[in-house]
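# Fold and geometry: a report
Given next are the chains, with one letter for each unit.
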Amino acid sequence: MRRTALALALALVVPLAASAQDSIDKVNGSVHVEAGQQVGDASTVNGSVHIEDGATVRKASTVNGSVELGDKAQASEVGTVNGAVTLGAGARVSGKIEAVNGAIRLAKDADVGGRVSNVNGAISLDDAHVGGGLGTVSGDITVGADSRVEGGILVDKPGGWFHWGNRRPPHVVIGPHAVVQGTLEFRRDVVLQVSDSAQIGPVKGATPVKFSGDTP
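Given the structure is predicted, the values throughout are model-derived calculations rather than measurements. Along each chain, numbering runs from 1 in the same order as the chain's sequence is written. Only residues with pLDDT of at least 70 get local features here, since the model is predicted, and only at 80 or more are side-chain atom pairs given and counted; chain-wide, interface and lining totals rely on the full set of residues. Hydrogens and water are ignored here; the side-chain numbers use all heavy atoms of the structure.

## With respect to the sheet that holds strand E15 (residues 123–125)
Filter applied, for reference: In this scheme, strands are said to pair when DSSP sees at least two bridges between them. The numbering of helices and of strands both runs from the N terminus, where a helix is a DSSP run of H or I of at least 4 residues and a strand a run of E of at least 2. For every element, the axis is a line fit to its C-alpha atoms; helices are fit only across the contacting stretch, and the angle between N-to-C directions ranges from 0 to 180 degrees.
Across the sheet, which stays open at both edges, the ten strands sit in the order E2-E4-E6-E9-E12-E15-E18-E21-E24-E27 with parallel pairing between neighbours. Each edge of the open sheet is held by one strand with a lone partner, namely strand E2 (31–33) and strand E27 (209–211). Looking at each pair of strands side by side, their axes are set apart by 10 degrees on average, direction ignored.

## Describing the pattern of salt bridges
When the charged atoms of two side chains with opposite charge come close together, those side chains can pair. The cut-off we apply is this: In what follows, salt bridge is the name for a side-chain nitrogen of Lys or Arg lying within 4 Å of a carboxyl oxygen of Asp or Glu. For each residue, the accessible area found with a 1.4 Å probe, counting protein chains only, is set against the maximum for its type, and the residue is called buried under 20%, exposed over 50%, and partly exposed in between.
Here the structure, examined in full by the defined rule, presents eight salt bridges. A salt bridge links Lys-96 to Glu-98, with the shortest nitrogen-to-oxygen separation between them at 3.6 Å. Taking relative accessible area as the criterion, Lys-96 reaches 33% and is therefore assigned partly exposed. Note that Asp-156 and Arg-187 form a salt bridge whose closest N and O atoms lie 3.5 Å from each other. In this pair, Asp-156 sits in the loop between strand E20 (153–155) and strand E21 (171–174) while Arg-187 sits in the loop between strand E23 (184–186) and strand E24 (191–195), placing the two residues 31 residues apart along the sequence.

## Here we look at the environment of Ala-55
Formally: The contact criterion used is simple: two residues touch if any of their non-hydrogen atoms lie within 4.5 Å.
Looking at the element boundaries, Ala-55 is found in the loop between strand E4 (49–51) and strand E5 (59–61). Spatially, the C-alpha atom of Ala-55 lies 6.7 Å from that of Glu-34, the residues being 21 residues apart in sequence. Leaving out residues up to four positions away in the same chain, Ala-55 has contacts with Val-33, Glu-34, Gly-36, Gln-37, Ala-73 and Gln-74.

## Structural notes on a negative patch on the surface
As a reminder, the rule being used: Patch membership is restricted to residues that have no salt bridge and whose relative accessible area is over 30%. Joining uses 9 Å for like charges and 5 Å for the nonpolar side chains Val, Leu, Ile, Met, Phe, Trp and Tyr. The method behind every accessible area is Shrake-Rupley, applied with a 1.4 Å probe, and residues are considered shielded solely by the protein chains displayed. Within this scheme the basic residues Lys and Arg register as positive and the acidic residues Asp and Glu register as negative, but His and the chain ends are omitted. To locate a charge, take atom NZ for lysine, CZ for arginine, CG for aspartate or CD for glutamate.
Side chains of Glu-34, Glu-52, Asp-53 and Asp-71 sit close together on the surface and give a patch of like negative charge. Counting through the fold element by element, Asp-71 comes out in the loop between strand E6 (67–69) and strand E7 (74–75). For Asp-71, a relative accessible area of 38% translates into the label partly exposed.

## Looking at the pairing of E24
Counting buried positions over the five residues of E24 gives four, a clear majority of the element. Bridge count between E21 and E24: four bridges; the pairing is parallel. Its bridge partner lying in E24, Val-173 is registered against Gln-193. Taken together, the three bridges between E24 and E27 define a ladder with parallel strand orientation. Bridge pairing in E27 places Ser-195 opposite Phe-211.

Here it is, written out as structure tokens:
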């Protein structure tokens, strides 16, 4: 009986071990994870990271390049220094998304459990969900129609070498039927426009301007 149980356990474990793949780690060149694959970390220094539809990775990261998760792809964390981050429809990131110089875009039904933040670059949500708040210094923020954000919004003031090029006030738009829970805090001048059908938390450092219709 014990031998039978052991044989059954090995039969279940061995295929899983055989299908598991190591991390992909490069210095120069893009990283490509094919649709439906499951790998460890997918990272490079000089190059983009492409996670195709339905693929799963632990961490997707680069220094100089973009990171793209296809539709229904999954990762625990996403990061880049110089490059954009794009999540396809239904993509999921259980942790945080961080960028320094690059836009961050979440397509319909994309879900991020942690914080979404950058320094320079627009952040936009299209009927998406973020559980850990939004943060930027110089980027515009668009919480599109029917999107949901927990953890508030922080637009920090420029400091150090980030001070140059940050004279234009960021433009923050909260779209129709969007919900932002938590404090919306602005430590620098911003233009804040909020749909008359949106729901937001307390606002510090700015005066919301209401608008009707799909866009301001």
